[in-house]
Amino acid sequence: MWGGIGTNLRIFFVVASLSYIPFSSFCQDFYVGGKLCIGSPAVPAVPGAPAADCTEPTVFFDTEKNATAWQWDFGDPSTTNDVSNIRNPKYNYSKPGIYTVTLIRTVGNVQQPPVSKTITISTPPTQPKFFGKTSADTTVCDGKKVKLDPYSLLGGGGTAPKGVSYLWFPKGQTTPTIEVDSAGCYSVEVFDSTGQCSRTAKINVKFCLQQSGGGGAEKWYFGKGATLEFGVAPTSTLPKDTLANSGDLYGDSDTPDPSYIPIESSKDNPIDSPEGVAMVYDSKNNLVFYTDGVKIYGRDDKPLAFVPPLDNSDLGGTNTSTQSSIIIPKSSCNECPHHLYYAYTLNKDTGLLSYSIIDLRRNNGQGAVVEKNIPVSYSTSTQIAARKTQDETGFYIYTHDSQTNEFRILKVDSTGTTERTQAVGMAHSDTTGYMRISSGGDKMAVAFVKNGKNYIEIFDINPENGDLKLTQTIDLGVKVPPRVYGLEFSQDGEKLYTTLRGDPSKGEKSYLYQLNLNLKDPVEIASKKIKIDSSAVDAFGALQMGPVNGGGSKFIYMAVDGSDQLPYISQPEIVGNASIIGYIPYNTGLGTPVIGTSQFGFPNVVQAKQKQDGDGPNATFEGTCQGQPTIFETQGICSPMKANVSWDFGDGATGTGKQTSHTYEKPGRYIVKMKIEVLSETVISKNVNLPILGDLLKEKCNDFVFTDTLYIKPAPVVNLPDSAFVCVLRGQTMVLDPKAQNIYDPQYLWRPTNETTPTITISALATYSVKVDNKFANGTTCGTTDKVLVKEGCEPVLFVPEVFSPNGDGLNDTFTVINEFITDFDLKIYNRWGEIIFESFEPERMWDGSYKGQTMAPMLYAFVISYKSKYFPYRPKITKTGGILLVK
């Protein structure tokens, strides 16, 4: 469905009888645009999903600039609510037919005669579909062609209605069907016989493992043929980290945080504009269109074609005001993003904000202007900026009404354009300065002059509805002239850079300042502003971070009137003077050279929501340590086609499945191969369900083999025993040594002691563990953990005296054995004839030198003692023999 204002005039290729009324002839008439058809019922993109509301209203605009009050009657007899009292109302008609719309306006407190216009409201055609869906996906074998038919009986589209016309994206074919052989998004818009109403369906076509085309590099066109082109700094593209623990296989080198630098421009451009250029890029960062507010050019640098009855593609703006234009991609229901673009322009002389519609499908996909200068509002200042909506499917466009404190906020999305005003901040009397939105989209700064003072207002932007909240009004403390002009935030939004533009011919200096917004207090921010540069011979202009699109590290550039070099700030996030923030001046020969000549302005640059097409191979690995599992996984290969995946791990082992695991026993480099066998459904396989046949009924697309290198890092070998013993009862200690081998810059961590030494000395009973990590140059580690249970373990102790004297003097009267930590004690004492004269099984019961009540004669007696270890009972018995001398 066509979105926005004025879109009924875009289909002249269908109905040549439609007449075009140029804006200059509106006079006392009023404008009618938007959808000239009844509201469409909501249709889910996929059966069962929430229905998408594609209803777009009919819109009206009073072109009498001096009108102050309005009475609209939309001529709908079915309701009494068909009235409005604003300049630009909308209305949804519920029934087709002919309606007479009447406007009574008031000019200068005088009510004017009624003005009427007859319009015809039509009915949309039958909804086109692909595979029964308004938004479908399909994947087929590479090398084949796919026929796209939005009304195929097999595809669920139903019967094609009579008298309809077709317009396909991206090439603009007008046939009922098309054949495609490359991956991408394709959409068809089907118009009814009047050409006023339409419905759209889209399909994403993927050819199995066919790579989509790459994107372009952002470039800026400005000034007098000036071109500034960006590229990624060579140091930003990192070689694959061979020591990484996880990552992608079969991919390119990573650029995780790129740094963008100017590169040599490939060509100049036809722009000759002091200010006011706008450029728009598609989802792959390819330049689509650009304009200076008057001429609009395609990517071939030629003025765009136009659709009759237009006789040229010139726009109604100007190229001599600050920000006189902006181009945004227009989302439409069920479209491939994007086939429509809105070019908003500000006319400095009339104050009219209007927009023109460019259809990328026209002129063999090069685009053409299909309607232009559709009015939006009057009395707009020469500032315009845009940010994406929270879901990135639409845009908020900000302008400011001159001599007031009112912002005009346009929301442009798939349902059309809605407008509201918000009064916030000071009334702006001179708005020749910039309006700038931060790269994060959460802040906006506006430069203006009031009562001979230079001001900057800072606003927070509500991401949900685009509303503005004034946070700071900064009086720069610099009298006019010079006038505040350029603005740009640092990437973190905490610093703001501004230029004050002077006229060197009048002896006025220009300045570049840094403002630290973290200071919060506007007076303190102004008093602590830091001068970065100044000039009495050159006029400073706009500031802009480049490139506008994408993340990573960026510079802020400054336009200097008449210069072929641009100064830039290389470290704008830092608070400080020129040398600290890396400011490179333009007049030292070290600035960024440009083709052509800079003037005051930089382009308003907008990019569509980024999107990647194609279905290339992707696989990941996780775990690259010797002796530990490495997980390989691939997903979404040619989905929903069946893909059989097999792996060769490079060490003689293989695996199958989209996810598999393998453990490498040795470190080193391994060549990992992933083989994909892709099978496509056939008419027979879709209708015959015989599991015994497996994949025999499917069509084999091809076998794809992908190869990459994987490095398995060495892991330490740790050798702690399962258990160890220490005699804590006797105060003993023990050294635990893991005897680590195969180590590289090893890191140790013991638990529970938290020691980090290779060995530890312990004196307590516990379970001790050690983790030994090999630490590699990229900070990754491969670790091995081992543990030991330390138990109480005292060795048995036995001391046998050599002599004793059982004489009753209380000294050494018994044969006493000193012992610790023994069990199963057995002591036998023998006489000279080998007879046992004493035996004891208790260490405490010792021999007193008697036998059968009589003290034995002094002599040497043999003994045999046997026992076991108390803490090591699994050991064999210990036997000790000898002689004990009995004396008196």
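Only a predicted model underlies this, so the values are computations on that prediction, with no experimental measurement involved. (Residues numbered from 1 in each chain as written. Predicted model: local features only at pLDDT ≥ 70, side-chain atom pairs only at ≥ 80, totals over all residues. Heavy atoms only, no water.)

1. As for the overall build of the protein chain
A count of helices and strands for the protein chain gives three helices and 70 strands. Counting every position in the protein chain, which comprises 888 residues, the buried fraction comes to 51%. At a minimum sequence separation of 6, the contacts of the protein chain that also span at least 24 residues come to 62%. (Helix = DSSP H or I, 4+ residues; strand = E, 2+ residues; numbered from the N terminus. Buried < 20%, exposed > 50% of the residue type's maximum accessible area, 1.4 Å probe, protein only. Contact = heavy atoms within 4.5 Å.)

2. Re the environment of valine 678
When you line up the elements, valine 678 lands in strand E54 (residues 668-680). Along the backbone, valine 678 and phenylalanine 704 are 26 residues apart, and their C-alpha atoms lie at a distance of 8.2 Å. With residues near it in sequence (within four places) discarded, valine 678 still touches Cys208, Cys638, Met641, Lys642, Ala643, Glu699, Lys700, Cys701, Asn702 and Phe704.

3. Comments concerning the environment of tyrosine 557
Within the secondary structure, tyrosine 557 sits in strand E42 (residues 555-560). You can call tyrosine 557 buried: its relative accessible area is 0%. Sequence separation between tyrosine 557 and glutamine 544 is 13 residues, and the spatial gap between their C-alpha atoms is 5.4 Å.

4. Here's the deal with the pattern of salt bridges
For the coordinates displayed, the defined rule picks out 23 salt bridges. Residue aspartate 826 is joined to lysine 828 by a salt bridge in which the shortest nitrogen-to-oxygen separation is 2.7 Å. Lysine 828 matches aspartate 826 in its accessibility class, with the two residues each being buried. Here the salt bridges share partners, and the residues they tie into one network are Glu189, Asp359, Arg361 and Arg362. (Salt bridge = Lys/Arg side-chain N within 4 Å of Asp/Glu carboxyl O.)

5. Some remarks on the sheet that holds strand E29 (residues 380-388)
Strand order in this open sheet of four strands is E29-E30-E31-E32, and the pairing throughout is antiparallel. Two strands lie at the open edges of the sheet, namely E29 and strand E32 (416-423), each paired on one side alone. Ignoring which end each strand starts from, the neighbouring axes of this sheet average 20 degrees apart. Alignment of E29 against strand E30 (residues 395-401), held across six bridges, turns out to be antiparallel. Its bridge partner lying in E30, alanine 386 is registered against isoleucine 397. (Pairing = 2+ DSSP bridges. Axes fitted to C-alpha atoms, helices over the stretch in contact; angles between N-to-C directions.)

6. Description of the sheet that holds strand E13 (residues 165-169)
One open sheet holds the four strands; their spatial order is E11-E16-E15-E13, and the pairing between them is mixed. The open sheet terminates on both sides in strands that have one partner only, identified here as strand E11 (135-140) and E13. Between one strand axis and the next, the sheet turns by 20 degrees as a mean value, whatever way the strands run. Two strands pair when backbone bridges link them, and strand E15 (residues 184-191) and strand E16 (residues 198-207) are joined in this way by eight bridges, in the antiparallel orientation. Residue pairing in the sheet places cysteine 185 in a bridge with asparagine 204 of E16.

7. Describing the state of the cysteines
Counted by the stated rule, this structure contains three disulfides. The disulfide partner of cysteine 185 is cysteine 336, and the S-S distance across this bridge is 2.0 Å. Negative torsions about the S-S bond denote left-handed disulfides, and the value of about -80 degrees found for cysteine 185 with cysteine 336 makes this one left-handed. Taken as a pair, cysteine 185 in strand E15 and cysteine 336 in the loop between strand E25 (325-330) and strand E26 (340-346) lie far apart in primary sequence, 151 residues in all. As far as the burial class goes, cysteine 185 and cysteine 336 line up, both buried. (Disulfide = S-S within 2.5 Å.)

8. Remarks on the pairing of strand E48 (residues 604-607)
Alternating positions in E48 separate into two faces, Asn604 and Val606 on one and Val605 and Gln607 on the other, with burial throughout. By the bridge criterion, four bridges tie strand E21 (residues 278-281) to E48 in an arrangement that is parallel. The partner of methionine 279 across the bridge, within E48, is valine 605.

9. Structural notes on unusual backbone geometry
The residue after valine 480, namely proline 481, is reached through a cis peptide bond having omega -10 degrees. Within the fold, proline 481 resides in the loop between strand E36 (468-479) and strand E37 (483-489). Note the cis peptide between proline 481 and proline 482, where omega equals 0 degrees. Take proline 482: it is sitting in the loop between E36 and E37. Even without being glycine, asparagine 285 reaches a positive phi, approximately 70 degrees. As for its position among the elements, asparagine 285 is in the loop between E21 and strand E22 (287-291).

10. Looking at the packing of aromatic side chains
Inspection of every chain in the model, using the stated rule, returns 38 aromatic pairs. Between tryptophan 220 and phenylalanine 602 the ring centres are 5.1 Å apart and the planes differ by 55 degrees, which places this aromatic pair in the tilted class. Within this pair, whereas tryptophan 220 is found in strand E17 (residues 219-232), its partner phenylalanine 602 is found in the loop between strand E47 (595-597) and E48, the two being separated by 382 residues in sequence. Like tryptophan 220, the residue phenylalanine 602 is buried in the burial classification. Members of the aromatic cluster, joined through ring pairs, are Phe30, Phe60, Trp72, Phe74, Tyr91, Tyr93 and Tyr99. (Phe/Tyr/Trp six-rings, centres within 6.5 Å; stacked < 30°, edge-to-face > 60°.)

11. Some thoughts on the confidence of the model for the protein chain
Confidence in the prediction of the protein chain, expressed as mean pLDDT, is 87, and 89% of residues score 70 or more. Mean pLDDT in the protein chain bottoms out at strand E2 (residues 43-44), which sits at 54, and peaks at strand E39 (residues 510-516), which reaches 98. (pLDDT = per-residue confidence, 0-100.)

12. Let's talk about the environment of lysine 739
Inspection of the secondary structure assignment puts lysine 739 in the loop between strand E57 (734-736) and strand E58 (746-751). As a C-alpha pair, lysine 739 and threonine 759 span 20 residues in sequence and 8.7 Å in three-dimensional space. In contact with lysine 739, other than residues within four places in its own chain, are Val717 and Asn719.

13. Description of the nonpolar core
Counting 41 residues, the largest nonpolar core has Phe289, Ile296, Ile327, Ile328, Tyr341, Tyr344 and Ile358 as its most contacted members. At the level of secondary structure, the elements contributing two or more residues to this core comprise E21, E22, E25, E26, strand E27 (353-359), strand E28 (368-377), E30 and strand E31 (406-413). Considering each element in turn, this core owes the most residues, six residues, to E26. (Core = buried A, V, L, I, M, F, W, Y, C linked by side-chain atoms within 4.5 Å.)

14. Digging into the pairing of E42
In terms of residue burial, E42 counts as a mostly covered element, since six of its six residues are buried. Burial of the side chains of E42 extends over both faces: Phe555, Tyr557 and Ala559 are buried on one face and Ile556, Met558 and Val560 on the other. As paired elements, E42 and strand E44 (residues 568-569) share two bridges and run antiparallel to each other. By the bridge assignment for E44, tyrosine 557 is matched with tyrosine 568.

15. Some remarks on a nonpolar patch on the surface
A contiguous nonpolar surface patch, about 240 Å² in accessible area, is contributed by Val803, Leu860 and Leu885. Position of leucine 885 among the secondary structure elements: in strand E70 (residues 878-886). (Patch = residues over 30% accessible without salt bridge, like charges linked within 9 Å, V, L, I, M, F, W, Y side chains within 5 Å. Areas by Shrake-Rupley, 256 points an atom, 1.4 Å probe, with all protein chains shown as cover.)

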